[in-house]
Every structure is written in structure tokens, then in C-alpha cells.
Amino acid sequence: METAQQPLQSVVWAGDHLDLLDQRLLPEEIVYLALTTAEDVWEAIRHLKVRGAPAIGIAAAFGVYLGVREVSGDAEQVQAEINRQADYLATSRPTAVNLFWALDRMKAKADALLTGEGLRDGEVLKEAMLSEAIQIQAEDEETCRLIGEHALTLLHDGIGVLTHCNAGGLATAKYGTALAPLYLAQERGWNVKVFADETRPVLQGSRLTAFELQQAGIDVTLICDNMAAMVMSKGWVQAVIVGTDRVAANGDVANKIGTYGVAVLAKAHGIPFYVACPMSTIDLNTPTGAEIPIEERNEEEVTEGFGKRTAPRGVKVFNPAFDVTPNEYVTAIITEKGVVQAPYGENLRKLFG
Ligand SMILES: CSC[C@H]1O[C@H](OP(=O)(O)O)[C@H](O)[C@@H]1O
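Because the structure is predicted, anything quoted here is derived from the model rather than measured.

1. Regarding the packing of aromatic side chains
Note on aromatic pairs: each is described by the distance of the centres and the angle between the planes.
Next up, step 1: Per the stated rule, a full pass over the model turns up five aromatic pairs.
Next up, step 2: Pairing F195 with W236 gives two aromatic rings, centres 5.9 Å apart and planes at 10°, and the pair type is stacked. Linking F195 in strand β5 (residues 193-197) with W236 in the loop between α8 (228-233) and β7 (239-242), this pair joins segments that are 41 residues apart in sequence.
Next up, step 3: A residue is classified by how much of its surface remains accessible, and F195, at 7% relative accessible area, is buried.
Next up, step 4: Every member of this aromatic cluster is reached through a ring pair, and the members are W13, F62 and Y65.
Next up, step 5: Positioned over the ring face of F322 is K256, at 4.0 Å from the centre of the ring.
Next up, step 6: Residue placement shows K267 over the ring face of Y329; its charged tip is 5.5 Å from the ring centre.

Here it is as C-alpha cells:
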């Protein structure tokens, strides 16, 4: 799926360091940071320089390699450091399961080489970690393309789509999850009108989604989060499609704060609410949304903005970065293996075979 204007890549392996697009500076500045240590990657994830569940997992995978590449010793000594670096990177953010999925995959790869193939050479193991991180990124690009193909079967030429936050190329290896079908629709010459919620308080919608889609030449209208109801009431939206950071085994969906409200509005207006995600975002080990850890972030994200303080000093602030949409509001979950509908408990388990 080649589009005229490909979205910027958020994570780029540069041969001996990681070039990472500092998404905090978008849309005004396009700045790539050269990361050389696991600490650099931890800090980039924590402070949303890189964000979006798949992109976080990809960055963390490279972070494991950056964390062990200077270590000397045999394979067992290097494996111990791999596990230590993975456990450290796992503390950067709590909600997006792709972070833990990617780190577990790096640890499992090392374990398979040592126990399965009897690897003893530490240098070979380090190179295997780099290869695995590169593989994770390459697989995510293909996964997002497939998600786009399946999602497109639910949309049509001339449709109005509303999305919340950014689940585009900036949140993944390329193409995105929720935005993937929009790029594909453009390639097919469809006329799709997108309404992008600005997504307070960090404004991923206005800063990132509106930026990505405008760069791609896709018809996007930016709205404040509190305008979604009116836009739906005017009949301008025929589908909502969002990404997610973790889908529980029963189909409850954790996503950017405000998503639950959009899902309730969609139901109230009889509009389908679709969630697009790779299987790596589906966490069968978390039974329901109640068990998904919800990250709370600094109050300054809420009280500072537009270059000045926008709230009285000392006021109490609640700043959850995510909320959970109960599965009964989810029309379908779109993955690289196809579209999943309720009953989610049974059908998500089937997805994994
Ligand atoms: C394709 S995952 C995108 C997902 O990640 C965002 O969260 P954050 O920007 O805080 O990393 C948001 O929940 C998006 O839906």
C-alpha cells in the first residue's frame, strides 16, 4: 500500500543508534532525536516523545538492544542483562500492552537461543536482539497494512469517519491502525471525510492525526472533543474508528481518555464504533477492562497549555491518560487476521487459535 505522501516514521534504526521522531514537537517541528541507550528510550516513552502502543513496543525492543550492546560476557551473562533492561523498560508506561508484549518477545527470543539452540556466544546473542527488534518493526508495518484492508470492508466511498487521538503511522511502524483504512481508501480514490477530535489534554488528534492526514492529502476536519456530539447529530459521521492500547479478554477496550464518551455518543446516534488493533494489543491474560492499569499523568498536561497556565494554582486535577470502553459499545474489533465481533470472549480466543 503506497500512498502519495507517506506519514513520517516515528522510529528509525540508523545502523548504530535509534532515530526517534520527537512527537511532542509536532506539528510545528520535525525533529529526530538520536537515542543510544536504554535510558534514552525509557525517557522518550515516558515523556511521549514516542507514543502509540505499537510504536512504544518497537522503540522498547530497540531499547533492549541499546541496553545490552556494550555488555561483555557469554550468552548467559548477556541474557541476564537483556532481562534486566527489559524489566527496566517495562516501567516506562503501564497501559499499552504492546510495550510488555515486545519486551516479553525479546526475552523469549534470547531464551529460545540459549535453551533451544545452546547458544553460548554473547556477541551472537546481542546481534540476535537487534534482528528481533528490526523484525518486530517490519511485522508491525505489514500488520497495519492488513488491518487497513480488513477495516476498509466496513467503510465505503463518501463515508464520514470520526476518530479520537492518533492511531496513525506516528503510533505504529507505518500506516497506523485506525488510520490505515483511510490511507488505503485514498489510494482507491474514495472520498472519505474525517473528523479528528483534538483529544485533550495532550492533543494527539490536532497535533498528530490532523497533521498526518493533511500531509497525506486526506479530507480532515479538526474538532474540539466537546463537538463530537453535534457533528454526529448533523449526520456527518457514519462510522467511528479508533485505536487501542489494550483489549481485555472480554473485549473491553482501553484507549485514550475520551474514547468511552465517543463510544457512548456513537451508540446514542446509531453509529458503528470500530476498534482497530494488531493482535499484539489483545491481552487474553487481562480478563476485563477493570484490570487494565490506567496511567495517570502529571497535572501540568491539564493546567498548562497554549503557552500559559489555564487553571488556578493548587486546584485539584485528575489526569487519566486512558479510559475503558465496555465491550457492549464496541461494534467490531479489526485485526490483521480479520474483523471480530461479539461475543468477544469466545471470538477473541478463537482468533489466537
Ligand atoms: C495505535 S495505538 C494508538 C493509541 O495510543 C495512544 O495513546 P498515547 O498517545 O498516550 O500513547 C492512544 O490511546 C491511541 O489510540
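2. Looking at helix α7 (residues 204-215)
Next up, step 1: Compared with the 16 Å implied by 1.5 Å per residue over twelve residues, the 15 Å span of α7 between its first and last C-alpha is a close match.
Next up, step 2: For α7, the tally of buried residues reaches ten of twelve residues, placing the bulk of the element in the interior.
Next up, step 3: When α7 is considered as a whole, its buried residues turn out to be Q204, G205, S206, R207, L208, T209, A210, F211, E212 and L213.
Next up, step 4: With its phi angle positive at about 80°, G217 sits one or two positions after the end of α7.

3. Some thoughts on the confidence of the model for the protein
Predicted coordinates in regions of low pLDDT should not be interpreted in detail.
Next up, step 1: Taken as a whole, the protein shows an average pLDDT of 97; of its residues, 98% reach a score of 70 or greater.
Next up, step 2: Scoring the predicted complex yields pTM 0.97 and, for the interface, ipTM 0.99.

4. As for the site of the ligand
Next up, step 1: Surrounding the ligand, one finds 17 residues, the nearest of these being G52, R93, D245, N255 and K256.
Next up, step 2: R51 is positioned such that a nitrogen or oxygen atom in its side chain is 2.9 Å from an oxygen atom of the ligand.
Next up, step 3: In this structure, G52 approaches the ligand through a main-chain N or O atom, which is 2.8 Å from an oxygen atom.
Next up, step 4: Grouping the constituent residues of the shell around the ligand by class yields six nonpolar, seven polar and four charged.

5. Comments concerning the packing of helix α5 (residues 122-152) against helix α6 (residues 180-187)
Helix-helix packing: each pair is described by the crossing angle between the helix axes and the interaxial distance.
Next up, step 1: Interhelical geometry of α5 versus α6 gives an angle of 70° and a closest axis separation of 7 Å. Our classification of the angle between α5 and α6 gives roughly perpendicular. Here C144, G148, E149, A151 and L152 of α5 lie close against α6, whose contacting residues are A180, P181, L184 and A185.
Next up, step 2: Each residue belonging to the contact of α5 with α6 can be placed in one class, and the counts come to seven nonpolar, one polar and one charged.

6. Re the pairing of strand β2 (residues 18-21)
Next up, step 1: As paired elements, strand β1 (residues 11-13) and β2 share three bridges and run antiparallel to each other. Its bridge partner being in β2, V11 is matched across the sheet by L20.
Next up, step 2: Between β1 and the antiparallel strand that follows it, β2, lie four residues; G15 among them carries a positive phi value of about 95°.

7. Quick notes on the pattern of salt bridges
Next up, step 1: Counted by the stated rule, this structure contains 19 salt bridges.
Next up, step 2: Notably, a salt bridge pairs E149 with R145, separated by 3.2 Å at the nearest N-O pair. Remark: R145 and E149 occur in helix α5; sequence separation between them is four residues, near one turn of the helix.
Next up, step 3: E149 sits in the partly exposed class, given a relative accessible area of 28%.
Next up, step 4: Linked through salt bridges whose partners overlap, the residues forming this network are R93, E295, R297 and E301.

8. Some thoughts on the sheet that holds strand β8 (residues 246-248)
Next up, step 1: The strand order across the open sheet built from four strands is β11-β8-β9-β14, with neighbouring strands paired in mixed fashion. Looking at strand neighbours, the two that pair on one side only are β11 (282-283) and β14 (322-325), the edges of this open sheet.
Next up, step 2: As paired elements, strand β9 (residues 253-256) and β14 share four bridges and run antiparallel to each other. Within β14, the residue paired with A254 across the bridge is V324.

9. Description of the state of the cysteines
Next up, step 1: Scanning the entire structure with this criterion turns up zero disulfides.
Next up, step 2: Lacking any disulfide linkage, C165 is separated from the closest cysteine sulfur, that of C277, by 15 Å.

10. Focus on unusual backbone geometry
Next up, step 1: Note that the residue after L26, namely P27, is joined by a cis bond; omega there is 5°.
Next up, step 2: Along the chain, P27 falls in the loop between β2 and β3 (32-35).
Next up, step 3: Cis rather than trans, the peptide bond between R200 and P201 has omega equal to 5°.
Next up, step 4: Tracing the chain through its elements places P201 in the loop between β5 and α7.
Next up, step 5: Positive phi, normally seen in glycine, also occurs at C165, with a value near 70°.
Next up, step 6: Take C165: it is sitting in the loop between β4 (160-163) and α6.

How each quantity is defined
Residues numbered from 1 in each chain as written. Predicted model: local features only at pLDDT ≥ 70, side-chain atom pairs only at ≥ 80, totals over all residues. Heavy atoms only, no water. Phe/Tyr/Trp six-rings, centres within 6.5 Å; stacked < 30°, edge-to-face > 60°. Helix = DSSP H or I, 4+ residues; strand = E, 2+ residues; numbered from the N terminus. Buried < 20%, exposed > 50% of the residue type's maximum accessible area, 1.4 Å probe, protein only. Lys NZ or Arg CZ within 6 Å of the ring centre and 35° of its normal. Expected span 1.5 Å × (residues − 1). pLDDT = per-residue confidence, 0-100. Near = heavy atom within 4 Å. Polar contact = N/O pair within 3.5 Å; in protein donor to acceptor, adjacent residues only side chain to side chain. Nonpolar A, V, L, I, M, F, W, Y, C, P; charged D, E, K, R; others polar. Axes fitted to C-alpha atoms, helices over the stretch in contact; angles between N-to-C directions. Parallel < 35°, antiparallel > 145°, perpendicular 65-115°, else oblique. Contact = heavy atoms within 4.5 Å. Pairing = 2+ DSSP bridges. Salt bridge = Lys/Arg side-chain N within 4 Å of Asp/Glu carboxyl O. Disulfide = S-S within 2.5 Å.

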